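Read off the chains here:
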Amino acid sequence: MTMKIIGTGSALPEKVATNFDMAEIVETSDEWIRERTGIVERHISTEDTVSTLAAKAAFKALEDAGKSAEEIELIIVATCSPEMELPCCACQVQSIIGASNATAFDLNAACSGFLFGLSTAYGYMCAGVYKNALVIGSEVLSKIIDWTDRSTCVLFGDGAGAAVVEMQEGEDPGMLGIAQGADGTKGMVLSCPDRVLNNPYVKNPIEPGYVQMDGQEVYKFATRQVPNCIQKALENAKLTVDDIDLFVLHQANIRIIEAVAKRLKADLSKFPTNLARVGNMSSATIPVLLDELNKEGKIKRGDKIVLSGFGAGLTYGACVLVW
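Read on for an overview of the structure. (Residues numbered from 1 in each chain as written. Predicted model: local features only at pLDDT ≥ 70, side-chain atom pairs only at ≥ 80, totals over all residues. Heavy atoms only, no water.)

Regarding its fold elements, the protein chain presents 10 helices and 13 strands. Here the protein chain has a C-alpha radius of gyration of 19 Å; the compact-globule value for 323 residues is 20 Å, and the two agree. Overall, the C-alpha framework of the protein chain stretches about 55 × 50 × 40 Å when taken along its three principal axes. At a minimum sequence separation of 6, the contacts of the protein chain that also span at least 24 residues come to 77%. Summed over all atoms, the accessible surface of the protein chain reaches about 14400 Å², with 50% contributed by carbon and sulfur. Where the 29 positive side-chain charges of the protein chain centre and where its 41 negative ones centre are 5 Å apart. (Helix = DSSP H or I, 4+ residues; strand = E, 2+ residues; numbered from the N terminus. Rg over C-alpha atoms; globule rule 2.2 N^0.38 Å. Contact = heavy atoms within 4.5 Å. Areas by Shrake-Rupley, 256 points an atom, 1.4 Å probe, with all protein chains shown as cover. Lys, Arg positive; Asp, Glu negative; His and termini not counted. Charge placed at Lys NZ, Arg CZ, Asp CG, Glu CD.)

Right, here's the structure in full:
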């Protein structure tokens, strides 16, 4: 038996903010953003929440999989930008879509979150606890961004992507190899503070927390760790770079994607991108791109695919699967 992705879905807010729009907010330009990131525009929420975007993507994934919400046994939502501390986003999604028989919980591995969610679902299924799962990456990053900081606010967008996975019998392969890890010693190069300690015995000023990033350190980490992680996942799958049809990477920066392709000595044409249209959506980037490729017929049955990403923590992960 093996775990296979049997359906995908995605949802993006209607509001599109171009680089020219960004130039009206902070001191920047379309040329500056394009050259350094590859981003042209991004979707910004004006009313959608992490849970509503996640639910919209979930409905589409269920439709694509031919599954009803009541059939889903596990819901994992990967997010680092929930609107609520309690209840978790996954329980909100469970309520919205009517998945009354599912266990539901959130997971935070930042931009690696969807991959960690897939790995968690895979572990449950291999242990025989569940037979299927709905794995979602959903973010509304626009509310945790400092819109006066041109080094970060131009990078991020909002959105959600979802995948229905199922344990199946037969000879068709599905998940072949997984690799993931973390380096907490470098965690503060990409951070976002939450509530400070306040209680009857301690008083601290309450200030909003925004994403803070050392872009150079993140770049160095990603261009080194992502190729290494992919190679480890390929070794676990007993495959090589040349065996892979598509590399679906976290959409953070076009320069990072190009550097990863170069280090792997892989053809850049095997690295599809959509970051020009959506920017960096953290945990949502990989499932949104995967859904686009699926719906556009750019993934064929039997294709060998690598999913890989990195994020705050610092976290990183990769998996190899057959479509």
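Relative to the helices and strands, Ala121 resides in helix H5 (residues 113-126). Residues Ala121 and Ile75, spaced 46 residues apart in sequence, show a C-alpha to C-alpha distance of 8.8 Å. If sequence neighbours within four positions are ignored, Ala121 has contacts with Met3, Leu74, Ile76, Ala133, Val135 and Val165.

Put simply, helix H7 (residues 215-237) and helix H8 (residues 254-264) touch, their axes get as near as 9 Å, and they point 45° apart. One element, H7, and the other, H8, form an angle in the oblique class. Considering how the two elements wind past one another, H7 and H8 form a crossing that is right-handed. Counted together, Tyr219, Ala222, Thr223, Arg224, Val226, Pro227, Ile230 and Gln231 of H7 and Arg255, Ile256, Ala259, Val260, Arg263 and Leu264 of H8 form the full contact between these two elements. Taken together, the residues of the contact of H7 with H8 break down into 9 nonpolar, 2 polar and 3 charged. (Axes fitted to C-alpha atoms, helices over the stretch in contact; angles between N-to-C directions. Parallel < 35°, antiparallel > 145°, perpendicular 65-115°, else oblique. Left-handed = near helix turned anticlockwise from the far one by under 90°. Nonpolar A, V, L, I, M, F, W, Y, C, P; charged D, E, K, R; others polar.)

Quick look at the pattern of salt bridges now. Once their charged atoms are close, side chains differing in charge can pair, the charge on each being opposite to the other. Applying the stated rule across the entire model yields 10 salt bridges. Note that Asp183 is salt-bridged to Lys186, the shortest N-O span being 3.2 Å. With a relative accessible area of 31%, Lys186 lands in the partly exposed category. Here Lys295 ties to Asp291 by a salt bridge, and the two come within 2.8 Å at their closest N and O atoms. One end of the pair, Lys295, and the other, Asp291, are both in helix H10 (residues 285-295), 4 residues apart, so they sit about a helical turn from each other. Several salt bridges converge on common partners, so that one network encompasses Lys67, Glu71 and Glu166. (Salt bridge = Lys/Arg side-chain N within 4 Å of Asp/Glu carboxyl O. Buried < 20%, exposed > 50% of the residue type's maximum accessible area, 1.4 Å probe, protein only.)

This paragraph deals with unusual backbone geometry. Residue Pro87 follows Leu86 across a cis peptide bond; omega there is -5°. Along the chain, Gly313 connects to Leu314 via a cis peptide bond; the corresponding omega equals -5°. Within the element layout of this structure, Leu314 appears in the loop between strand S12 (304-311) and strand S13 (315-322). Here the phi dihedral of Ala110 falls at roughly 55°; this positive angle occurs in a residue that is not glycine. You can see Ala110 is positioned in the loop between strand S5 (103-107) and H5. The phi dihedral of Lys265 is positive, around 60°, even though this residue is not glycine. Structurally, Lys265 is set in the loop between H8 and helix H9 (275-278).

Turning next to the side chain of Ser142. Here Ser142 shows up in the loop between strand S6 (132-139) and helix H6 (150-153). A distance of 2.7 Å separates the side chain of Ser142 from the side chain of Asp158, its partner in a polar contact. Filtering out sequence-adjacent residues up to four positions away, Ser142 remains in contact with Ile44, Ser45, Trp147 and Asp158. (Polar contact = N/O pair within 3.5 Å; in protein donor to acceptor, adjacent residues only side chain to side chain.)

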